[in-house]
Number of protein chains: 4
Amino acid sequence: MYMSYDNTPIRLGMVGGGQGAFIGAVHRIAARMDGHYQFLAGALSSDPARGRVSADELGLDPTRSYASFQEMAKQEAARVDGIEAVAIVTPNHLHYPVAKAFLEAGIHVICDKPLTSTLADAEALVKLVEQRDRLFVLTHNYSGYPMIRQAQSMVAAGELGAIQLVQVEYPQDWLAHPIEQAGQKQAEWRTDPARTGAGGCVGDIGTHAWHLATFVTGLETASLAADLDTFVAGRRVDDNVHVMLRFKPVAGEHPAKGLLWASQVAAGHENGLKLRVYGTKGGIEWVQADPNYLWFTPLGEPRRLITRGGNAANAAAARVTRVPGGHPEGYLEGFANIYTEAAIAIKALRAGQPIPADVQFPTVQDGVAGMRFIDACVRSSQQNAGWVKLVND
Amino acid sequence: MYMSYDNTPIRLGMVGGGQGAFIGAVHRIAARMDGHYQFLAGALSSDPARGRVSADELGLDPTRSYASFQEMAKQEAARVDGIEAVAIVTPNHLHYPVAKAFLEAGIHVICDKPLTSTLADAEALVKLVEQRDRLFVLTHNYSGYPMIRQAQSMVAAGELGAIQLVQVEYPQDWLAHPIEQAGQKQAEWRTDPARTGAGGCVGDIGTHAWHLATFVTGLETASLAADLDTFVAGRRVDDNVHVMLRFKPVAGEHPAKGLLWASQVAAGHENGLKLRVYGTKGGIEWVQADPNYLWFTPLGEPRRLITRGGNAANAAAARVTRVPGGHPEGYLEGFANIYTEAAIAIKALRAGQPIPADVQFPTVQDGVAGMRFIDACVRSSQQNAGWVKLVND
Amino acid sequence: MYMSYDNTPIRLGMVGGGQGAFIGAVHRIAARMDGHYQFLAGALSSDPARGRVSADELGLDPTRSYASFQEMAKQEAARVDGIEAVAIVTPNHLHYPVAKAFLEAGIHVICDKPLTSTLADAEALVKLVEQRDRLFVLTHNYSGYPMIRQAQSMVAAGELGAIQLVQVEYPQDWLAHPIEQAGQKQAEWRTDPARTGAGGCVGDIGTHAWHLATFVTGLETASLAADLDTFVAGRRVDDNVHVMLRFKPVAGEHPAKGLLWASQVAAGHENGLKLRVYGTKGGIEWVQADPNYLWFTPLGEPRRLITRGGNAANAAAARVTRVPGGHPEGYLEGFANIYTEAAIAIKALRAGQPIPADVQFPTVQDGVAGMRFIDACVRSSQQNAGWVKLVND
Amino acid sequence: MYMSYDNTPIRLGMVGGGQGAFIGAVHRIAARMDGHYQFLAGALSSDPARGRVSADELGLDPTRSYASFQEMAKQEAARVDGIEAVAIVTPNHLHYPVAKAFLEAGIHVICDKPLTSTLADAEALVKLVEQRDRLFVLTHNYSGYPMIRQAQSMVAAGELGAIQLVQVEYPQDWLAHPIEQAGQKQAEWRTDPARTGAGGCVGDIGTHAWHLATFVTGLETASLAADLDTFVAGRRVDDNVHVMLRFKPVAGEHPAKGLLWASQVAAGHENGLKLRVYGTKGGIEWVQADPNYLWFTPLGEPRRLITRGGNAANAAAARVTRVPGGHPEGYLEGFANIYTEAAIAIKALRAGQPIPADVQFPTVQDGVAGMRFIDACVRSSQQNAGWVKLVND
């Protein structure tokens, strides 16, 4: 990753991510990791006082700490040295209006997932991005892990044969108690339908799992049956998700099927995202908590443990790898890979050059697909977990 | 396991299990393990010549190697030193007629799973067992593992709180190719609906997984949606099973839900039975291939690795444990535990005493429940994987 | 393992192994596992009353429960139906006199390890065995595991290249407290130099580890430096062993080296025997508690997980395997493999035929080698852990 | 890690770390991770042309890319906006002269390990640091991992009781072939005694292992016996290291002992640093490749898996943790923790304040201790792996 690109950092702003937030700090580290960005402006909190204190702690120029995202978009667009890109790390319902403001101001957007809180917003956003010549990068960060890139590349190269089965799960236990009722900020908005959207667990992490599965396999979901449930009394959104998946056939092969489980009430799981894919020639298995390993199980041969940076890592993995095998990379490096992919693209645009073909990051199209997945899960669940098709997918 | 029971071995016969069979040898080792049985008679093959050779190899008295199970039941019942129990290790469709013959001859039955090849046979068998004063033991052997007994006991004692989620899976890959079309004997009958029943993978291993889940949790299944599929072209039964489960509520708690996956085409899996149970207070996780370990994940505390024979093994586990922690027991020991449980019961009956309360083995009732599970899966799948109730359950 | 040998069981007796013993029960299960032995006589305890009760529980004919091993050897040798083999499961200091009595009575010996309590006894025993036409089988049972046979075979076939490094460890924690001072029987004799020998931990488990390392690699130990220590106050023998090993050169290659750690005071370890071997072309790793797996690490390729019964198991492993991959075998099966190897040899001798070339069990020669290892460790430790050669090795 | 310190970045320079180097890029990412440093100047290569190209790629002001470290020290010291700290990432033999130049120029030093290439240089450097009021930070980066901080804190709090055993190993396989003879740059200088010092493997990674063991346990090494070997023909330094360790007694307890293994020729190991510590009350186990886990094995209780960011993480771990449990941190985060500790210290000095008591980084004293360890290993090995004391330790 010794970059030969333009080394002038990209001027970056942030909306959300003030004190007490979680993902904002992650985005800032991800942006710093490879030196491609300079963090210069923010509307860090909907509470202006908190926003100011946060900006101060982070060393922002006070004149570039804004009380509202609208003002920030306007002022920054007007500056010669205004930000070139903005990171949106607010609750879901604000993704759309914030993205809209910055896109219309000619500023690239890097936005946390899920895309929006409603499918209607998502579809409007797609149109908006199509109209504006700006990048929209969605931080489905798990697709940035080197071993996930390796897996995607192996599937594409046919090393697994025709894909038959996809098993993906994402259990957590942090919402096993009704902590939103005790004022935990992260839990509060994530369980409030007005801010998080119609899906709770399915939107927060189910969509991550589904994105990862489709990213690696390239499969499109034909239909699904989803049994969403709420185990914690008084909770207003689902906290456990069971889904049976049917994928569209590929090249005349028998269509693949899958199971997806996401939970926020499964005792003992911190962040247990796990993907398994099985094809006619072999399988792969990957566990997010141990991301430097990829099990490859060619049919009829012993299981092989491929390692990031190791002797069987392929070019797709090597491209997003910083340190040799045995020196573990983690969540922040995977997240930073999305930021660095975005940086390569932004720098290409800056230079009036095409975005290199090997650059990959989740787009607004991936985001709307995820919103259709959430929508289908909610619809299915409302129909007693019957089978539904994904809208427009 | 220094037994204080009557040490005169139980006279045992076997139907099926000749050369080329797999599970017959397992039953014989299981019967020998603790010295409770003496193997004396057999109708080891539907092919009399093969039966004779097999009996000879196993050192049976030639006069007690029978050409048919009917003759064997008749002759053995007539001998003073005739067998007291018979092990049935034939293909599924013979379980019912063979069991019937021996039960009617007054001989205890130890029978491989699933109970029968049709639900009708299963229900007839239940009635028959109720009428006869003989034991019927079904070798859902995985319930004999010490750490499974530990898990069952922990659930019963409330150590996991109210059960909310059950995730069970049983992937294999030995049928990834159509080996039944190449004459592999084990594959042949297991993929022939006439011998195996309407369910293929769901009957062969799905029912094991489901039995294990219900054995440990004590939950009853209310309804399910099953998406059975056949990935190998030309195969006549399902080879992959996805099931969403809804359990009956217990004591006013929110009803539990579950996912079950069984597959015989999942590359890289030998015999990957795995059970996870999550309650309001904690979870457990157990993997059959590594059966001496039980993960216990009390909510809010670090994961704990309980070991068979180790410092946190409970009485239920200790009762079926032979050697200390760190000296691994395996599949054969777990299987032998079922045989030894049966032996304790048979010896109690022999002595005119009640069967000790802590004796546990799967019964004909468990068998018919398993058949209802298979039946429901097949019915659901025929209705486009819609939700169905279990009959009479 | 469908044996084509003579199926008349070998008549077996046992010295030691009464109530309260551990390893006697293991030997009895091992003898039963494959049906090659019939247990008929015993001198089960040095306490005749305990011996009688134990014999009764085990269903022995009371006339064949003896008060002393001397009487047993004499009487059994005089019977037409006397035992053909005896299992010796006493404390170490009795191995020699008991073995002597039975060998001189023309009875094969299966003896627990280490061979004796003194090197002098061991050397005398070697001579005795050489003079008598009887088998002497030493139950270094870990060499019976299928994956260990696989590893030995891979080394012999050169799949690892020239062996360079051997890392073996055997940590336990059951003697972390001075339980021998509280009357724990197993601990008592194992920490009594008069019964166990000069080495404590090094004799009890260090010798197992060393045997395993040399069994797999075929290497001979040239010299060693051993730092034996006793961490528990008042203990009379070592409870922790650190050894640096230098092996004799093989075929002009650079001599291999190794480290051996054995401990009975290492908190958290039940029976943590682990072997790693590294050659110029690759390495292997095996953990006794998870014995169905063998890691193979060919240099420059990803790690491969070979499984017992799996697609990369070789003939040496398959020969001692009972059930398919994914159906775990354990400690008792590995132990039983030694008994079955012995049975094949005894049945061959019975039939006046040569012992098949592929039969492998630890012999009296292996036993005396182990005693020389213990002796060298004790001598080195007495010389401030300086380097010493192995006597006569 | 929402820092409340002065947020003006520290001006940083680097010596070494140009194109083709490995550890320089790691230092740069570590410095960027938390935003505490600004990289402004460098003498990136002993080859001035390569230095210039490297500087250009990294976006340095060309006037601050120097042809020699001497010139850089002089010029930067003269600038008002000169660097406040320098990172030294050269081969070992240059650590001393470079550090000397910058310390004498009043610039803080962050230096890669081992401290120097000779013990004499190391001792001279200690004196120099004592004379100058500048920080010297040695990047024994593994001590920056959160779970290592947790382990250190647990030992200090007595949670393991009195420490008895320390088992540490650091196997790699990247030097299994003589790649230095084929011109691999990293291998070349690491196997050249003039540049790397008298110890090869022992200096490069043995010293990391030994530092980690002593960092966590707080134990001092009394004496050791080291068997260094060179398995690859033609190699000029050791490539495999076996060491028996004896520690100084603590508070009247029985002195602890240990084994250390380091290797660069152990097939299958990428960077297998592993530490196990056993005390009278419990043990811990940590594996660098899976750094977010710490096994804790309290004697008599089941093993517990403590996770970084998880429910049993202590304050010492939390202090150096960025993201929640289940979101893995890795090598770069652990390395960055050393840089951030240094930054806190430098900012405190900048502000004329005392360095906070909880700041921890390896110092020049740790460096000279490591050199004494290397020296002792080399001396012992020259005396046929006999026991030697550490000089002045």
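All values reported here derive from a predicted model rather than from experimental measurement.

1. As for the overall build of chain A
1) Next: Of regular secondary structure, chain A possesses 12 helices and 14 strands.
2) Next: Taken over the C-alpha trace, chain A has a radius of gyration of 21 Å; the compact-globule value for 393 residues is 21 Å, and the two agree within 12%.
3) Next: For the C-alpha atoms alone, the extent of chain A along its principal axes is close to 65 × 50 × 40 Å.
4) Next: Burial statistics for chain A: of 393 residues in total, 65% are counted as buried.
5) Next: Taking all contacts inside chain A whose residues are at least 6 apart in sequence as the whole, residues at least 24 apart take part in 69%.
6) Next: As displayed, chain A has an accessible area near 12,600 Å², and 51% of this comes from carbon and sulfur atoms.
7) Next: Charge centroids of chain A, computed over 35 positive and 40 negative side chains, lie 2 Å from each other.

2. Quick word on the interface of chain A and chain B
1) Next: On the side of chain B, 43 residues touch chain A, which itself brings 44 residues to the contact.
2) Next: Across the chain A-chain B interface, the total number found is 8 salt bridges.
3) Next: Taking the shortest distance from any N to any O, the salt bridge between Arg-246 of chain A and Asp-227 of chain B comes out at 3.0 Å.
4) Next: Looking at the side of chain A that touches chain B, the elements with two or more residues in it are β6 (163-171), β7 (221-229), β8 (240-247), β9 (257-263), β10 (274-279) and β11 (282-287) of chain A.
5) Next: Top contributing element to the side of chain A that touches chain B by residue count: β9 of chain A, with 6 residues.
6) Next: Partitioning the side of chain A that touches chain B into residue classes produces 19 nonpolar, 16 polar and 9 charged.

3. Regarding the relation of the copies chain A and chain B
1) Next: Of the transformation superimposing chain A on chain B, the axial component is 0.0 Å and the angular component is 180°, with the fit at an RMSD of 0.0 Å. When the rotation and shift are considered jointly, the pair of chain copies conforms to a two-fold rotation axis. Every residue of chain A has its C-alpha some distance from the rotation axis, and the shortest such distance is that of Gly-386 of chain A, at 3.3 Å.
2) Next: Here 98% of the contact residues of chain A are again contact residues in chain B; the copies associate through an equivalent surface.

4. Focus on helix α11 (residues 331-350) of chain B
All names here are of chain B.
1) Next: With 20 residues, α11 ought to run about 28 Å at 1.5 Å a step, and its terminal C-alpha atoms sit 29 Å apart, in line with that.
2) Next: Counted residue by residue, α11 has 18 buried out of 20 residues, so it is predominantly covered.
3) Next: Note on α11: the residue one or two positions beyond its end, Gly-352, has a positive phi of about 70°.

5. Observations regarding the packing of aromatic side chains
1) Next: Evaluation of the coordinates by the stated rule reveals 38 aromatic pairs over all chains.
2) Next: Note on Tyr-142 of chain B and Tyr-170 of chain B: the rings are 6.0 Å apart at their centroids and 80° apart in plane angle, and the pair reads as edge-to-face. Of this pair, Tyr-142 of chain B sits in the loop between β5 (136-138) and α6 (146-156) while Tyr-170 of chain B sits in strand β6 (residues 163-171), placing them 28 residues apart in sequence.
3) Next: You can call Tyr-142 of chain B buried: its relative accessible area is 3%.
4) Next: Residue class for Tyr-170 of chain B comes out buried when judged on its relative accessible area of 2%.
5) Next: Taking the centre distance of 5.0 Å and the plane angle of 10° together, the rings of Trp-210 of chain B and Phe-373 of chain B count as stacked. With Trp-210 of chain B in helix α9 (residues 201-217) and Phe-373 of chain B in helix α12 (residues 364-382), the pair connects residues that are 163 residues apart, well separated along the chain. The exposure classification of Trp-210 of chain B matches that of Phe-373 of chain B, with both residues buried.
6) Next: Chaining the aromatic ring pairs together yields one cluster made of Tyr-37, Tyr-142, Tyr-145, Tyr-170, Trp-286, Tyr-331, Phe-335 and Tyr-339 of chain A.
7) Next: The ring of Trp-295 of chain A carries the charged tip of Arg-303 of chain A above its face, separated from the ring centre by 4.7 Å.
8) Next: The ring of Trp-387 of chain C has Arg-246 of chain C sitting right over it, with the charged end atom 3.8 Å from the ring centre.

6. Here's the deal with the relation of the copies chain C and chain B
1) Next: By a simple turn and slide, chain C fits onto chain B: the slide is 0.0 Å along the axis, the RMSD is 0.0 Å, and the turn is 180°.
2) Next: Take the interface residues of chain C: 100% of them recur as interface residues in chain B, which is what a same-surface contact looks like.

7. Description of the side chain of Arg-235 of chain B
1) Next: On the secondary structure map, Arg-235 of chain B appears in the loop between β7 (221-229) and β8 (240-247).
2) Next: Sequence-distant contacts of Arg-235 of chain B, defined by excluding residues within four places in its chain, comprise Leu-175, His-177, Pro-178, Ile-179, Glu-180, Gln-181, Thr-191, Thr-230 and Val-265 of chain B.

8. Regarding the pairing of strand β13 (residues 303-307) of chain A
1) Next: Where burial is concerned, most of β13 of chain A is hidden: 4 out of the 5 residues are buried.
2) Next: The sheet contact formed by strand β12 (residues 293-298) of chain A and β13 of chain A spans 4 bridges and is antiparallel. Counterpart to Leu-294 of chain A in the pairing with β13 of chain A is Ile-306 of chain A.
3) Next: Pairing geometry for β13 of chain A and strand β13 (residues 303-307) of chain C, over 3 bridges, is antiparallel.

9. Comments concerning the domain arrangement of chain A
All names here are of chain A.
1) Next: Split into domains, chain A comes out as domain 1 (10-142 + 339-362) and domain 2 (146-324 + 368-389).
2) Next: With centres defined by C-alpha atoms, the gap from domain 1 to domain 2 works out at 26 Å.
3) Next: Taken together, the 30 residues of domain 1 in the interface contact 30 residues of domain 2.
4) Next: Where domain 1 abuts domain 2, roughly 2,300 Å² becomes buried across the two surfaces, and 55% of that area is made up of carbon and sulfur atoms.
5) Next: It is His-140, Tyr-142 and Gln-360 that lose the most area in domain 1 upon contact with domain 2, and together they represent 31% of the buried surface on that side.
6) Next: In this structure, the connection of domain 1 to domain 2 is made through 6 salt bridges.
7) Next: Across the salt bridge formed by Arg-319 and Asp-358, the nearest N and O atoms sit 3.2 Å from each other.
8) Next: Scanning the region where domain 1 abuts domain 2 turns up 13 residue pairs in polar contact (both at pLDDT 80 or more).
9) Next: Of all the elements in the fold, those that place two or more residues in the side of domain 1 that touches domain 2 are α5 (119-131) and α11 (331-350).

10. Remarks on the UniProt feature "domain: GFO/IDH/MocA-like oxidoreductase" (unreviewed entry) in chain A
1) Next: Mapped onto this structure's residue numbering, the UniProt feature "domain: GFO/IDH/MocA-like oxidoreductase" (unreviewed entry) falls at residues 148-285 of chain A.
2) Next: Split by type, residues 148-285 of chain A is 26% helix and 31% strand. Its first and last C-alpha atoms lie 10 Å apart.

11. Considerations on the state of the cysteines
Residues and elements named next belong to chain C.
1) Next: Counted by the stated rule, this structure contains 0 disulfides over all chains.
2) Next: Take Cys-377: it sits in no disulfide, and the sulfur closest to it among the cysteines is that of Cys-201, at 10 Å.
3) Next: You can call Cys-377 buried: its relative accessible area is 0%.

12. Focus on the pattern of salt bridges
Pairing between side chains of opposite charge can happen when their charged atoms approach one another.
1) Next: Applying the stated criterion to the full structure yields 112 salt bridges over all chains.
2) Next: For Lys-100 of chain B, the salt bridge identified is with Glu-104 of chain B, shortest N-O distance 3.4 Å. Of this pair, Lys-100 of chain B and Glu-104 of chain B both sit in helix α4 (residues 95-104), 4 residues apart, roughly one helical turn.
3) Next: A salt bridge links Arg-303 of chain C to Glu-285 of chain C; the nearest nitrogen and oxygen atoms lie 3.4 Å apart. Of this pair, Arg-303 of chain C sits in strand β13 while Glu-285 of chain C sits in strand β11 (residues 282-287); the two residues are 18 residues apart in sequence, bridging distant segments of the chain.
4) Next: By sharing partners, the salt bridges in this structure join Asp-34, Arg-308, Arg-322 and Glu-329 of chain A into a single network.

13. Some points on the nonpolar core
1) Next: Membership of the largest hydrophobic core comes to 226 residues, with the highest contact counts inside it found for Phe-102 and Phe-136 of chain A together with Phe-102 and Phe-136 of chain D.
2) Next: When near neighbours in sequence (up to four residues on either side) are disregarded, Phe-136 of chain A contacts Ala-99, Leu-103, Val-109, Cys-111, Leu-115, Leu-125, Val-129, Phe-361, Pro-362, Thr-363 and Val-364 of chain A.
3) Next: With 225 residues, the next largest nonpolar core counts Ala-209 of chain B together with Val-89, Val-137 and Phe-361 of chain C among its residues.

14. Brief notes about the sheet that holds strand β2 (residues 37-43) of chain B
Residue and element names in this part refer to chain B.
1) Next: The strand order β2-β1-β3-β4-β5 describes an open sheet built from 5 strands, whose pairing is parallel. Strands with a single pairing partner mark the edges of an open sheet, and in this sheet they are β2 and β5. Going across the sheet, the axis of each strand differs from the next one's by a mean of 25°, ignoring polarity.
2) Next: Relative to β2, strand β1 (residues 10-15) runs parallel, the two sharing 6 bridges. Considered in β2, the bridge of Arg-11 is made with Gln-38.
3) Next: The sheet contacts of helix α1 (residues 23-33) involve β1, β2 and β3 (85-88), and relative to β1 the element is tilted by about 175°.

15. Points about the interface of chain C and chain B
1) Next: Contacts between the two partners involve 40 residues from chain C and, on the opposite side, 40 residues from chain B.
2) Next: Carbon and sulfur atoms supply 56% of the area buried between chain C and chain B, which totals about 3,100 Å² over both sides.
3) Next: Counting every contact that joins chain C to chain B gives 0 salt bridges.
4) Next: At the boundary of chain C with chain B, the tally comes to 19 residue pairs in polar contact (both at pLDDT 80 or more).

Conventions used here
Residues numbered from 1 in each chain as written. Chains lettered and ligands numbered in written order. Predicted model: local features only at pLDDT ≥ 70, side-chain atom pairs only at ≥ 80, totals over all residues. Heavy atoms only, no water. Helix = DSSP H or I, 4+ residues; strand = E, 2+ residues; numbered from the N terminus. Rg over C-alpha atoms; globule rule 2.2 N^0.38 Å. Buried < 20%, exposed > 50% of the residue type's maximum accessible area, 1.4 Å probe, protein only. Contact = heavy atoms within 4.5 Å. Areas by Shrake-Rupley, 256 points an atom, 1.4 Å probe, with all protein chains shown as cover. Lys, Arg positive; Asp, Glu negative; His and termini not counted. Charge placed at Lys NZ, Arg CZ, Asp CG, Glu CD. Salt bridge = Lys/Arg side-chain N within 4 Å of Asp/Glu carboxyl O. Nonpolar A, V, L, I, M, F, W, Y, C, P; charged D, E, K, R; others polar. Least-squares fit on C-alpha atoms with pLDDT ≥ 70 in both. Expected span 1.5 Å × (residues − 1). Phe/Tyr/Trp six-rings, centres within 6.5 Å; stacked < 30°, edge-to-face > 60°. Lys NZ or Arg CZ within 6 Å of the ring centre and 35° of its normal. Pairing = 2+ DSSP bridges. Domains from an automatic or database assignment. Buried area = accessible area lost by both parts, 1.4 Å probe. Polar contact = N/O pair within 3.5 Å; in protein donor to acceptor, adjacent residues only side chain to side chain. UniProt positions renumbered as here; feature names shortened; annotations may be inferred. Disulfide = S-S within 2.5 Å. Core = buried A, V, L, I, M, F, W, Y, C linked by side-chain atoms within 4.5 Å. Axes fitted to C-alpha atoms, helices over the stretch in contact; angles between N-to-C directions.

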